[in-house]
Amino acid sequence: MAWWQQTGTTRPKPWIWALVALAALACVATFFWWRGTAAEVATVTSGPIQHSLVFSSRVSSVARTDLSATLTARVEKVLVREGDSVKAGQLLIALDDDDLRAQAAQAQAAITTADARLKSQFELAGPVASQGLAQGRANMEFALAELERTKSLHDKGFLGDAKLQEAERAASSARAAYQQAAAQATANTRGGAETQATQARVKEAQAALQIVKAKLEQTSIIAPADARVIARSVEVGDVAQPGKKLLTLAMTGETRLIAQIDEKNLGLVREGMRAVASADAFPDNKFDAELIYLAPSVDVTRGTVQARLRVAKPPAFLRDDMTVSVEVLVAQKQNALTIPGVALREAGERKYVLVARSGSTHEADVKVGIRSLQRVEIVSGLSAGEQVVVDERIRAGQR
């Protein structure tokens, strides 16, 4: 039985129930309005902050060189493999040289023959030519004397025309023989044509030998400097050809990191900055690097600037083209007012935060300084201990 029936009163009107419900709702709404909206806040604190740029890079040697043969020959020996360290002058690849050694022996024999001929020129041909010249001179002088005597007898009528003509022919032949002997003697002197020709044959044979020796040297492919073998594309039995790459060497010396930095960070970096790097394969083994170069132009396709870092003491595990993460410290302070980065709000050039005061939020313009990945330095506009709203859904004036 309802309470009104027990008490003998009449049943309440419906509108009374409506007034009661409205009153209850008003009380609840007033409670929640007074209580406000729950929001996450953070306290402005004082402490160290630093700003670092982190980017990816690859390991690169200062110089690389591709080794190839300068002649066509079969590969006889390959004495190194990838990863080997080599010294300057060390033999890396040997090519077959049997044919060239035979050519060298042939050229040496040609030199010996030419030298013997030249020696014979001086010791035999020259003296014989000199003797021939003396004999020719004597024969010519005798023939001329006979011609003069025959002319005298002919003029006196003791000899006929036939005898005179015979004496003239003898004198002419003797003169020609003498001229030939003189030419031969001249040719066989040290400055003569025959000597020069023989000397030319000696030089030709010597040059042929030098050419063969040069080719023989080319069958030994050696390291041009201290280096490390980073690529090998040849095996024993292959035919090496000019221009065909056999080995790739990374010269021992300075190790560098090549990176691409977003152009928007150009104002934060400068040459000479120190950096800490770690290979992705060995993240716990960090090593030092130094920013030594920033490209003067921007890559328009990627919007990046090439940077080069020097690694003074590269760890042993570094390999060419290895991926390396680099962190460059661009700014730091030991005692700065900071807030979480998510608490900072920006509207164009304006930067502000929502400060929780007396149960409601108020906008406060701030000036920021260093930014790290998680926190932002507040140069002015806040004091240590104040609370700022982190929840981005909260608006100014909201309880």
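Let us look at the structure shown here. Because the structure is predicted, anything quoted here is derived from the model rather than measured. (Residues numbered from 1 in each chain as written. Predicted model: local features only at pLDDT ≥ 70, side-chain atom pairs only at ≥ 80, totals over all residues. Heavy atoms only, no water.)

### What about the side chain of Asp320?
Okay, step 1: Tracing the sequence through the fold places Asp320 in the loop between strand 14 (304-311) and strand 15 (323-340).
Okay, step 2: Taking the relative accessible area as the measure of exposure, Asp320 reaches 15% and is therefore buried.
Okay, step 3: A polar atom in the side chain of Asp320 sits 2.6 Å from the side chain of Arg228. (Helix = DSSP H or I, 4+ residues; strand = E, 2+ residues; numbered from the N terminus. Buried < 20%, exposed > 50% of the residue type's maximum accessible area, 1.4 Å probe, protein only. Polar contact = N/O pair within 3.5 Å; in protein donor to acceptor, adjacent residues only side chain to side chain.)

### Thoughts on the pattern of salt bridges
Okay, step 1: This structure, assessed with the given rule, holds 13 salt bridges.
Okay, step 2: Residue Arg101 is joined to Asp97 by a salt bridge in which the shortest nitrogen-to-oxygen separation is 3.0 Å.
Okay, step 3: For Arg101, a relative accessible area of 51% puts it in the exposed group.
Okay, step 4: One network of salt bridges, with partners in common, ties together Arg274, Glu290 and Arg310. (Salt bridge = Lys/Arg side-chain N within 4 Å of Asp/Glu carboxyl O.)

### Points about unusual backbone geometry
Okay, step 1: One non-glycine residue with positive phi stands out, namely Asp321, at about 70 degrees.
Okay, step 2: When you line up the elements, Asp321 lands in the loop between strand 14 and strand 15.
Okay, step 3: Take Asp321: its relative accessible area is 44%, and that puts it in the partly exposed class.

### Brief notes about the environment of Arg371
Okay, step 1: Assignment of secondary structure puts Arg371 in strand 19 (residues 367-371).
Okay, step 2: For Arg371, a relative accessible area of 30% translates into the label partly exposed.
Okay, step 3: Sequence separation of Arg371 and Gln332 is 39 residues, and the distance between their C-alpha atoms is 9.3 Å.
Okay, step 4: Residues contacting Arg371, with those up to four places away along its chain left out, are His51, Leu344, Glu346, Lys351 and Val376. (Contact = heavy atoms within 4.5 Å.)

### Comments concerning the sheet that holds strand 8 (residues 227-232)
Okay, step 1: Strand order in the open sheet formed by 4 strands is 3-10-8-5, and the pairing between neighbours is antiparallel. With one partner strand each, in any of the chains shown, strand 3 (64-68) and strand 5 (85-86) form the two edges of the open sheet.
Okay, step 2: With 2 bridges connecting them, strand 5 and strand 8 associate as antiparallel partners. Bridge pairing in strand 8 links Val86 to Ala227. (Pairing = 2+ DSSP bridges.)

### Notes on the sheet that holds strand 6 (residues 91-95)
Okay, step 1: Here 4 strands make up an open sheet; going across it, the order is 7-6-4-9 and the pairing antiparallel. Looking at strand neighbours, the two that pair on one side only are strand 7 (220-222) and strand 9 (239-240), the edges of this open sheet.
Okay, step 2: Where strand 4 (residues 73-78) lies against strand 6, 3 bridges are found, and the strand directions are antiparallel. Residue pairing for strand 6: Val75 is matched across the bridge by Leu95.

### Overview of the environment of Ser56
Okay, step 1: One can find Ser56 in strand 2 (residues 45-61).
Okay, step 2: Take Ser56: its relative accessible area is 46%, and that puts it in the partly exposed class.
Okay, step 3: Considering only alpha carbons, one finds Ser56 and Ser325, 269 residues apart in sequence, at a separation of 4.6 Å.
Okay, step 4: Not counting residues within four places of it along the chain, the set of residues in contact with Ser56 comprises Ala259, Gln260, Thr323 and Val324.

### Points about a nonpolar patch on the surface
Okay, step 1: A surface patch of nonpolar side chains, about 230 Å² in accessible area, is lined by Leu79, Leu91 and Ile222.
Okay, step 2: In this fold, Ile222 is placed in strand 7. (Patch = residues over 30% accessible without salt bridge, like charges linked within 9 Å, V, L, I, M, F, W, Y side chains within 5 Å. Areas by Shrake-Rupley, 256 points an atom, 1.4 Å probe, with all protein chains shown as cover.)

### Some points on the packing of aromatic side chains
Okay, step 1: Under the definition given, this model contains 2 aromatic pairs.
Okay, step 2: Ring centres of Phe287 and Phe317 lie 6.5 Å apart, and the angle between their planes is 65 degrees; on these two criteria the pair is classed as edge-to-face. Taken together, the positions of Phe287 in strand 13 (residues 282-294) and Phe317 in the loop between strand 14 and strand 15 put the pair 30 residues apart, joining distant regions of the chain. Take Phe287 and Phe317: they sit in the same class, and that class is buried.
Okay, step 3: Ring pairing ties together the aromatic residues Phe282, Phe287 and Phe317, which thus form one cluster.
Okay, step 4: Sitting over the ring of Tyr352, Arg350 keeps its end group 4.2 Å from the ring centre. (Phe/Tyr/Trp six-rings, centres within 6.5 Å; stacked < 30°, edge-to-face > 60°. Lys NZ or Arg CZ within 6 Å of the ring centre and 35° of its normal.)

### Notes on the side chain of His51
Okay, step 1: You can see His51 is positioned in strand 2.
Okay, step 2: The class of His51 is buried, set by a relative accessible area of 18%.
Okay, step 3: Polar contacts involving the side chain of His51 include one to the main-chain carbonyl oxygen of Arg371, which spans 3.3 Å.
Okay, step 4: Among all residues touching His51, those that are not within four sequence positions of it are Leu268, Val328, Leu329, Val330, Ala331, Ile370 and Arg371.

### Quick notes on the environment of Gly381
Okay, step 1: Mapping Gly381 onto the fold places it in the loop between strand 20 (375-380) and strand 21 (387-389).
Okay, step 2: Through-space distance from the C-alpha of Gly381 to that of Asp365 is 6.0 Å; in sequence the pair is 16 residues apart.
Okay, step 3: Not counting chain neighbours up to four residues away, the residues in contact with Gly381 comprise Ala364, Asp365 and Val366.

### Here we look at the pairing of strand 13
Okay, step 1: Relative to strand 13, strand 12 (residues 274-279) runs antiparallel, the two being bridged by 6 bridges. The partner of Ala275 across the bridge, within strand 13, is Ala289.
Okay, step 2: The hairpin turn running from strand 12 into strand 13, its antiparallel successor, is 2 residues long.
Okay, step 3: Direction of pairing for strand 13 relative to strand 14: antiparallel, over a ladder of 4 bridges. Of the residues in strand 14, the one forming a bridge with Glu290 is Arg310.

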